[in-house]
Amino acid sequence: MKTSHSAFFITILLISSFSLPTHGLILNGLRIGSIKINGVLYCSFDGNLHGNSPPLSGAVVELVCAGARTDLGQVVTNPAGVFVILVKLLDTVLFDPSICFARLNLPIATCAVIPPDGALTASLILANIVQTVLGNIANFTVTPFVNSVL
Ligand SMILES: *[C@@H]1O[C@H](CO)[C@@H](O)[C@H](O)[C@H]1NC(C)=O
């Protein structure tokens, strides 16, 4: 009797989770309204900090996701090499951070040591979720950049 009761309860849970809106993004049980991606690029052979690599200023960084044809947002690094991409998620957009990257298209005219071909890409790592009156912001940092031909 007890097991059939819990099986019934699990079934109800499954049905209610399947009937939630399928779009948007839920992280740690919070509905995410915007995402923010923070990173720094340096003028080095892979875009990461090595020794005293100077910052990579004025470079265009895009947020791209596998399967998406367009970038979701793009920004330019500041004089310290810092970029912050802020994207408001629409309910109609299915966003999966595990298949999204920060991408720097190559070559970069202002940095001779950076590779000439392909792109530098970095995966997203969830740092924290900031709750504001305008909605929850998922705040991401990035892994080290790697050179990719994509
Ligand atoms: C977001 O994460 C970055 C990187 O960990 C951190 O420097 C920044 O302070 C965070 N922002 C907020 C509002 O918590």
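Residues numbered from 1 in each chain as written. Predicted model: local features only at pLDDT ≥ 70, side-chain atom pairs only at ≥ 80, totals over all residues. Heavy atoms only, no water.

Where an unreviewed UniProt entry is consulted, the chain appears under the name Pollen Ole e 1 allergen and extensin family protein, with the organism given as Arabis alpina.

Caption draft 1: The arrangement of the state of the cysteines in detail. Inspection of the entire model under this criterion finds two disulfides. In this model C43 forms its disulfide with C111; the gap between the sulfur atoms is 2.0 Å. On the S-S bond that ties C43 to C111, the torsion sits near 95 degrees, and the link is right-handed. Of this pair, C43 sits in the loop between β2 (30-40) and β3 (60-65) while C111 sits in the loop between β6 (100-105) and β7 (119-132), placing them 68 residues apart in sequence. C65 shares a disulfide with C100; S-S distance 2.0 Å. (Disulfide = S-S within 2.5 Å. Helix = DSSP H or I, 4+ residues; strand = E, 2+ residues; numbered from the N terminus.)

Caption draft 2: Local environment of the site of the ligand. Lining the immediate surroundings of the ligand are N38, A127, N128, V130 and N139. Between the ligand and N128 there is a distance of 3.1 Å, counted from an oxygen atom to a side-chain nitrogen or oxygen. At 2.3 Å from an oxygen atom of the ligand is found a side-chain nitrogen or oxygen belonging to N139. Burial of the ligand by the surrounding chains reaches 48%, relative to a free accessible area of 360 Å². (Near = heavy atom within 4 Å. Polar contact = N/O pair within 3.5 Å; in protein donor to acceptor, adjacent residues only side chain to side chain. Areas by Shrake-Rupley, 256 points an atom, 1.4 Å probe, with all protein chains shown as cover.)

Caption draft 3: How the structure looks around the nonpolar core. Core analysis: the largest hydrophobic core is formed by 32 residues, its most contacted members being I35, I37, L56, L63, F83, F95 and L104. Put simply, the parts of the chain that give this core at least two residues each are β2, β3, β5 (82-88), β6, β7 and β8 (135-142). The residues contacting I37, other than those within four sequence positions of it, are L63, F83, V84, I85, L124, F140 and V142. (Core = buried A, V, L, I, M, F, W, Y, C linked by side-chain atoms within 4.5 Å. Buried < 20%, exposed > 50% of the residue type's maximum accessible area, 1.4 Å probe, protein only. Contact = heavy atoms within 4.5 Å.)

Caption draft 4: Spotlight on the pattern of salt bridges. Throughout the structure, instances matching the rule amount to one salt bridge. Measuring nitrogen to oxygen at the nearest pair gives 2.9 Å for the salt bridge that ties E62 to R103. Of this pair, E62 sits in strand β3 while R103 sits in strand β6, placing them 41 residues apart in sequence. The exposure class of E62 is buried, given its relative accessible area of 9%. A relative accessible area of 23% means that R103 is categorised as partly exposed. (Salt bridge = Lys/Arg side-chain N within 4 Å of Asp/Glu carboxyl O.)

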